[in-house]
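What follows is each chain in one-letter form.
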Amino acid sequence: MPTTDELVDLNSEFAANFSDHDLQVAPIRKMAVVACMDSRMDTFKLLGLENGEAHIIRNAGGIVSDDVIRSLCLSQRALGTREIVLVHHTDCGLEKVTDDGFKNQLETELGIKPRWSVESFLDPYVDVRQSMQRLVVTPFVDATYMRGFVYDVSTGAINEVTLD
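Here the residue numbers are simple positions, counted from 1 along each chain's written sequence. Given that the model is predicted, a residue must reach a pLDDT of at least 70 before its local features are reported, and side-chain atom pairs must reach 80 or more before they are shown or counted; all residues, however, enter totals for whole chains, interfaces and linings. Side-chain calculation: all heavy atoms of the structure are included, whereas hydrogens and water are not.

1. A look at unusual backbone geometry
Then, number 1: The phi dihedral of lysine 30 falls on the positive side, at around 55°, and the residue is not glycine.
Then, number 2: Secondary structure is summarised from DSSP: a helix means a run of H or I of at least four residues, a strand means a run of E of at least two, and numbering begins at the N terminus for each. Along the chain, lysine 30 turns up in the loop between helix H1 (4–16) and strand S1 (31–36).
Then, number 3: On the basis of relative accessibility, which here comes to 46%, the residue lysine 30 falls in the partly exposed class.
Then, number 4: Phi is positive for aspartate 91, close to 55°, though the residue is something other than glycine.
Then, number 5: Looking at the secondary structure, you find aspartate 91 in the loop between strand S3 (83–89) and helix H4 (99–110). Only protein chains enter the area calculation, which uses a 1.4 Å probe; residues under 20% of their type maximum are buried, those over 50% are exposed, and those in between are partly exposed.

Here it is as structure tokens:
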């Protein structure tokens, strides 16, 4: 059952009490966060952020894809962000699939494989390092002030990951 009508009603309540009308387009912390889309992660809450403080870029796995690099490039060059925070997490759905298996399933069902990569992984710590390395080597993003973390969905803690 679609529930979008319920969301429209909830938005009416939100709009009636809306108080963020004076926020600027550029985040005041000059920060961009790349995180997984997992519904258990309230990215603002787990990092103690408020609206207007950071750009939040989310996708399956928090993967640093070409589109994430595009978004970070715009965030830095057009809107002044300087700091990048990566947040992957434990018990991620991408740990439960394989690239070939998922693509083969789609091909069997739909008759065509997607051109995009699933980017499944086994260890979120290793995957954060890979994402960090992608940002280090791209010429489009300044990764000078970058840190990576794995959010533990069972404790709420973030654990830092380094490139070393």
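2. Concerning the sheet that holds S3
Then, number 1: A pair of strands is considered paired only if DSSP assigns at least 2 bridges between the two. Pairing in this open sheet of five strands is mixed, and the strands run S2-S1-S3-S4-S5 from one edge to the other. A strand with exactly one partner marks an edge of an open sheet, and here the two such strands are strand S2 (54–59) and strand S5 (158–161). Strand-to-strand twist across the sheet, computed as the mean angle between neighbouring axes with direction ignored, equals 25°.
Then, number 2: When checking whether two residues touch, look at their non-hydrogen atoms; a contact exists if any pair is within 4.5 Å. The convention used is that axes are lines fitted to C-alpha atoms, helices contributing only their stretch in contact, and that angles between N-to-C directions extend from 0 to 180 degrees. Where helix H3 (residues 66–79) meets the sheet, it contacts S1, S2 and S3, and its direction lies at approximately 170° from that of S2.

3. Looking at a nonpolar patch on the surface
Then, number 1: Side chains of Val136, Val137 and Leu163 sit close together on the surface and give an oily, nonpolar patch of about 250 Å² of accessible area.
Then, number 2: By the secondary structure assignment, valine 136 is in helix H5 (residues 124–137).
Then, number 3: Judged by relative accessible area, which is 45%, valine 136 ranks as partly exposed. Surface patches are defined over residues having more than 30% relative accessible area and no salt bridge, joining like charges when they lie within 9 Å and nonpolar side chains (Val, Leu, Ile, Met, Phe, Trp, Tyr) when within 5 Å. To be clear on the numbers: accessible area is Shrake-Rupley with a 1.4 Å probe, and residue cover counts the displayed protein chains and nothing else. The term salt bridge refers to a side-chain nitrogen of Lys or Arg lying within 4 Å of a carboxyl oxygen of Asp or Glu.

4. Observations concerning the layout of surface pockets
Then, number 1: The volume enclosed by the largest pocket comes to roughly 240 Å³.
Then, number 2: Looking at the lining of the largest pocket residue by residue, the classes come out as six nonpolar, four polar and three charged. Both cavities and pockets are sets of points on a 1 Å grid over the protein atoms alone; in a cavity a 1.4 Å probe fits but cannot get out, in a pocket the set is open with protein on both sides within 12 Å along at least five of seven lines, and lining residues sit with an atom within 4 Å of a point. Grid points are joined across faces, edges and corners, and a volume is the space filled by probe spheres set on the points. Asp, Glu, Lys and Arg are counted as charged, while Ala, Val, Leu, Ile, Met, Phe, Trp, Tyr, Cys and Pro are counted as nonpolar; the rest, among them Gly, fall into the polar class.

5. A look at the pairing of S1
Then, number 1: Among the six residues of S1, six are classified as buried, and the element is accordingly described as predominantly covered.
Then, number 2: Pairing between S1 and S2: six bridges, direction parallel. Opposite valine 33, over in S2, you have isoleucine 56 as the bridge partner.
Then, number 3: Inspection of the sheet shows S1 paired to S3 by five bridges, in the parallel sense. From the neighbouring strand, valine 34 faces S3, where its bridge partner is leucine 86.

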